[in-house]
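Chains, contacts and geometry: an overview
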Amino acid sequence: MPKVQLNGITVDFPFQPYACQEAYMAKVLECLQKKVNGVLESPTGTGKTLCLLCSSLAWQEHYKDAISARKIAQRLNGEELFPGPSWGNVAPNDDIPTYYTDVPKIIYASRTHSQLTQVINELKNTVYRPKVCVLGSRDQLCIHPEVRRMESNYMQIYTCRKKVMARACHFYNNVEGEFGVEVKPCFGEGEFVLSLNRACPYYLSRSLKQQADIIFMPYNYLLDSKSRKAHSLDLRGTVVILDEAHNVERLCEESSSFDLTPYDLASAIDTVDVVLEEQAKVVQQNEVNAEFNMELASSGLNMELEDIAKIKKILLQLESAIDEVELPPDDSGVTKEGSYIFDLFAKAQITFQTKSSLLESLEQILQYLSGRKCEFDSCFTQTFLCNAGKWDSALSGERRRKVHIHLDDSNQKKKQKTDVWSSSSTKKEKTLSYWCFSPGYSMHELVRQGVRTIILTSGTLSPLSSFTMEMQIPFPVRLENPHVIDKHQLWVGIISKGPDGTVLTSTYERRFSEDYLSSLGKTLGNLVRVVPDGLLVFFSSYPVMDKSLEYWREHDFTSRIEEVKTMFVEPRNKGSFSEVIDAYYNRVVCPKSSGAAFLAVCRGKASEGLDFADRNGRGVIITGLPFPPRMDPRVVLKMQFLDEMRRCGAGSQYLSGREWYYQQASRAVNQAIGRVIRHRQDYGAIFLCDERFTAGNVRCKLPSWVRPYVNVYDNFGHAVRSVSIFYRAAQEAVTTEDGVSSLCMEYEPKAILPKRPRIGLLDALEHSEKSSEDARRLSTLSLQHEKRLADEQKGGRKRINSLLALATLARAALYLATVKSILSKERYKLFTMALQDYKLRDDFIAVLSQLSALFIDDKNNHVLLRDFYQFIRPYHKKQFHEACSSLTGEGCGYKPEHGLPWEEQDLTTPSIGEKPVSAPDTELDLKQGGFCLLTWLCSAGNFMLNKATVAR
């Protein structure tokens, strides 16, 4: 791999870096060498992640070399073994530690574990092989069956802790080395996994972090003080890298805020009632037992009745204190200074002196209730416990916080209490909100922890000046990187008027007006005819998108658009998002279609991290400036807080409320338009369809790589003519290169691939039950021609493959029916649970253990264990084959090709080592269907029933 010399450090890079990549790595090294913070913006597609990893790990290795150089020099009485600056040279002002254990660790944080998995995949493309640790929650890493069945996080935590304390978890015992477990961390498909022999991944990762060179974790583990304490994170001297940092501002504020709803309080009171009644029964029983000299009963909760009663009294007093706050006649809510939270809690006898004992009592109750299905853990206690620990630092930051008491607007209903202790108040239910308005508070917390360097980076941080102001810590190193594309690959136009001459402006007053909606519909109707393949349309909010679609349907705009491109709409429900986006991708690549249009909202899922490379996103339309809701209490208070800080003499350190308001809109726009160019060979157009983009204060907040290309078009026809010429020129100029260079351009991780790989058998069984109507309903109106177009594409070979896939499903279904007929009802339930658990968790060792318990005792059932081979994922097939050989004396017919990923396997290759069932090979057979096809499908699965019957 090429070696690049930057700032006196040699960086190994997978290919010859571009100038912007060298500039980026040089800035990273500058931060590390000078022990200063940096904020670095580099557009998506410029290899930001790869540059971060290579430069930081090269510096870390260089740091280790410096220690080695000094140790060698000491042994040589000060003489250098290798004179010159090329080896072991660090910045002059850097203090070289004595031990290798003092080399600064790198903490790499991103939003989610799935994003961290993509980063690890990038790491595999480098020559660097550091010791890696990934921190995760019990929900992600725990492999104990009982703990994993717990429905809530708190129940998982306390069940796990109970087993660990009692040494009843053999997975945890293995971590301590009782069985000499050899453990090796790695990453699997989409999530963190561990190749290990029955050791607990959760506790193992906690121990691995002590020896790790680089630790990966989500943001909240780092920014939240309670999470840092729970994971025993020592940040002294560490290098903290926050990738995708455009969300850090919001997460910093949320980590220091909470909302306490009436439902939370009511659920906590009800649960304490249950505990109180149970303890009272135990006390009564013990009085009887003591009278007859019998053994005293124990509930497992070491608390006196009086202490439990005090907790209930405190909760009721807190509920009353909140209810007593008078709201204004318009029910707009009451806002107090941050210090008011202590006055309010004091009314319920919650003070700095009583806080510790109260938290300890609540912890005991939670542990007592662990394993039960109750709402106590997920409501009040989760809010209270997670935030009460922040009180010690709250006084220093009270100016940054506000208390807001307002009517409860949640969908959860407060429970009715009937006991004599209950409040008789009939007032409206209120929510207590304690909001932090300065992300700089969390940043200062990191600095106080002794962090060496903080690097914030993303593709969309512009404008950097306002972003750094919000963080409230110095950032001497800054970078706004250009893109790696050429000028013929990007077109940016501000379209201030529609085809009918109506001014396009999505202001609050005009966004629902008929003339605006009509002109916007005509604009979209014309642009879908110009933009090839996939087109993204971003609205400022869901209500605006819904109203626009409603108007367009009523006035026939939608049907005209769908004559050219099928429309897909981003669903509010995250569960159905993947279905819709997959349908969009498939429609774009369909040879018989002219592309598709995906309608979404700024700040939605489609605008955050999804990949619309190449044909999936040849154009992005921004229909307005997505300002935050102006009347939302939190937005109003944020703006008031910023204005107050400027008046108090900290003017240069804070944005004004108005500046922050515009910054939020600009950042959401920048994130959305970042979907259009995803790699070096990509090209696309950006349409800013709002006349407010013509204002200088709005245009200057666009990313630096976009600003040079911006043109303003007062005439819609001129814009269409210009972009049409652009697309023709781009299609001619941009060609896909062969060899390594084309691969190197696409180093940015892809969140969702445009073509779905072949699914495994476990998923196929589920998908086979869905009708073709499910695909049609994903479009805004319909996909009437979808099935016909797909059928026209299929040749004989594809149809044979489809039939073979159906045969595989038929055989799998027959296997399940055979197992159901042989096993008892209870054992079959265990079998289905094992099947589903393997599908969700991908835990090979667990499923093998469960299946062995079901099928090994009876030799007649050994064939059922071996035939489960068809459900085993490719990377586990060899292990399963070997296990079956050991347990039953016969293997499963494993072949090396069975271990290939699904998409690399030939569909006609049988997954079990048997003679493949011959497929119908004539066009006549394929067309006959009916009995001919049914006979062939059944023959593909009959061997399963025959073998089981013979075995019986």
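Residues numbered from 1 in each chain as written. Predicted model: local features only at pLDDT ≥ 70, side-chain atom pairs only at ≥ 80, totals over all residues. Heavy atoms only, no water.

Quick reminder of the rule: UniProt positions are given in the numbering used here, feature names are shortened, and annotations may be inferred rather than shown by experiment.
The name that an unreviewed UniProt entry assigns to the protein chain is Regulator of telomere elongation helicase 1, with the source organism given as Melopsittacus undulatus. The record in UniProt for the protein chain states the following under Sequence similarities (unreviewed entry): "Belongs to the helicase family. RAD3/XPD subfamily." If you open the UniProt record of the protein chain and go to Catalytic activity (unreviewed entry), you find "ATP + H2O = ADP + phosphate + H(+)".

Observations regarding the environment of G657
Basically, it comes down to this: Think of it this way: any DSSP run of H or I at least four residues long counts as a helix, any run of E at least two long counts as a strand, and we number them from the N terminus. In this scheme, a residue with accessible area under 20% of its type's maximum is buried, one over 50% is exposed, and one in between is partly exposed, where area comes from a 1.4 Å probe on protein chains only. Here, two residues are considered to be in contact whenever any of their heavy atoms come within 4.5 Å of each other.
Topologically, G657 is positioned in helix α25 (residues 657–673). By relative accessible area, G657 is classed as buried at 0%. Taking the C-alpha atoms as reference, G657 lies 9.8 Å from M645; in sequence the two are 12 residues apart. Setting aside its immediate chain neighbours within four residues, G657 contacts M639, L642 and D643.

Considering helix α15 (residues 355–369)
Let me state the cut-off plainly: Given the number of residues in a helix, its expected span is that number minus one, multiplied by 1.5 Å.
Here α15 contains 15 residues, and its C-alpha end-to-end distance of 21 Å stays within 8% of the 21 Å for a straight helix at 1.5 Å per residue. Buried within α15 are the following residues: K355, L358, L359, S361, L362, I365, L366, Y368 and L369.

Notes on the sheet that holds strand β19 (residues 596–601)
Heads up, the condition is: The criterion for strand pairing is that DSSP finds at least two bridges linking the strands in question. Helix axes are fitted to C-alpha atoms over the stretch in contact, other axes to C-alpha atoms as well, and angles between N-to-C directions run from 0 to 180 degrees.
Ordered by their spatial adjacency, 7 strands build an open sheet running β18-β19-β17-β20-β21-β16-β22, and the pairing between neighbours is parallel. Edge positions in the sheet fall to β18 (566–569) and β22 (710–713), since each of these pairs with one other strand and no more. Averaged over all neighbouring strand pairs, the angle between strand axes comes to 20°, with direction disregarded. Lying on the sheet, helix α21 (residues 542–554) is in contact with β17 (534–539), β18 and β19; it crosses β19 at an angle near 140°.

Description of the nonpolar core
Most often, soluble globular proteins keep nonpolar side chains buried together rather than apart. Our working rule: Definition of nonpolar core: a set of buried residues of the types Ala, Val, Leu, Ile, Met, Phe, Trp, Tyr and Cys, connected through side-chain atoms within 4.5 Å.
F538, Y584, F598 and I622 are the most contacted members of the largest nonpolar core, which totals 52 residues. Those elements giving two or more residues to this core turn out to be β16 (490–495), β17, α23 (577–589), β19, β20 (619–622), α24 (633–650), α25 and β21 (684–688). Setting aside anything within four residues of it in sequence, one finds Y584 in contact with G534, L535, L536, F568, A596, A597, F598, F612 and N616.

Comments concerning the UniProt feature "binding site: [4Fe-4S] cluster" (unreviewed entry) in the protein chain
Feature annotation in UniProt places "binding site: [4Fe-4S] cluster" (unreviewed entry) on C142, C160, C169 and C200, given in this structure's numbering. On the basis of their most widely separated C-alpha atoms, the annotated residues across 59 residues gather in one place, lying no more than 11.0 Å apart. Structurally, C169 can be placed in the loop between α6 (153–165) and α7 (170–175). Of note, C200 is situated in the loop between β7 (192–195) and α8 (201–208).

Some words on the side chain of K163
Along the chain, K163 turns up in helix α6. The residues contacting K163, other than those within four sequence positions of it, are H144, E146, V147, A168 and C169.

Regarding the pattern of salt bridges
Going by this rule: In the sections that follow, a salt bridge refers to a side-chain nitrogen of Lys or Arg positioned within 4 Å of a carboxyl oxygen of Asp or Glu.
All told, the structure shown has 27 salt bridges when counted by the stated rule. Close ionic contact of E890 with R866 constitutes a salt bridge, the shortest N to O distance being 3.4 Å. Of the two residues, E890 is situated in the loop between α36 (877–888) and α37 (923–928) and R866 in helix α35 (residues 862–867); the sequence distance between them amounts to 24 residues. Among the ionic contacts, a cluster of salt bridges with common partners joins K27, E30 and K34.

Brief notes about the packing of aromatic side chains
Worth spelling out the cut-off: Aromatic rings from Phe, Tyr and Trp, with only the six-membered ring used for Trp, were paired whenever their centres fell within 6.5 Å, and each pair was classed as stacked if the ring planes differed by under 30 degrees, edge-to-face if by over 60, and tilted otherwise. Should the NZ of a Lys or the CZ of an Arg lie within 6 Å of a ring centre and within 35 degrees of the ring normal, that charge is described as sitting over the ring.
Taken as a whole and assessed by the stated rule, the structure comprises 31 aromatic pairs. Considering the side-chain rings of Y585 and F612, the 6.0 Å spacing of their centres and the 55° angle between planes classify their relative orientation as tilted. With Y585 in helix α23 and F612 in the loop between β19 and β20, the pair connects residues that are 27 residues apart, well separated along the chain. Under the relative-accessibility criterion, Y585 is labelled buried at 0%. Residue classification places F612 among the buried positions, given a relative accessible area of 0%. Cluster of aromatic residues (ring-pair linked, three or more members): Y815, Y828, F831, F855, F868, Y869, F871 and F880. Positioned over the ring face of Y340 is K336, at 5.3 Å from the centre of the ring.

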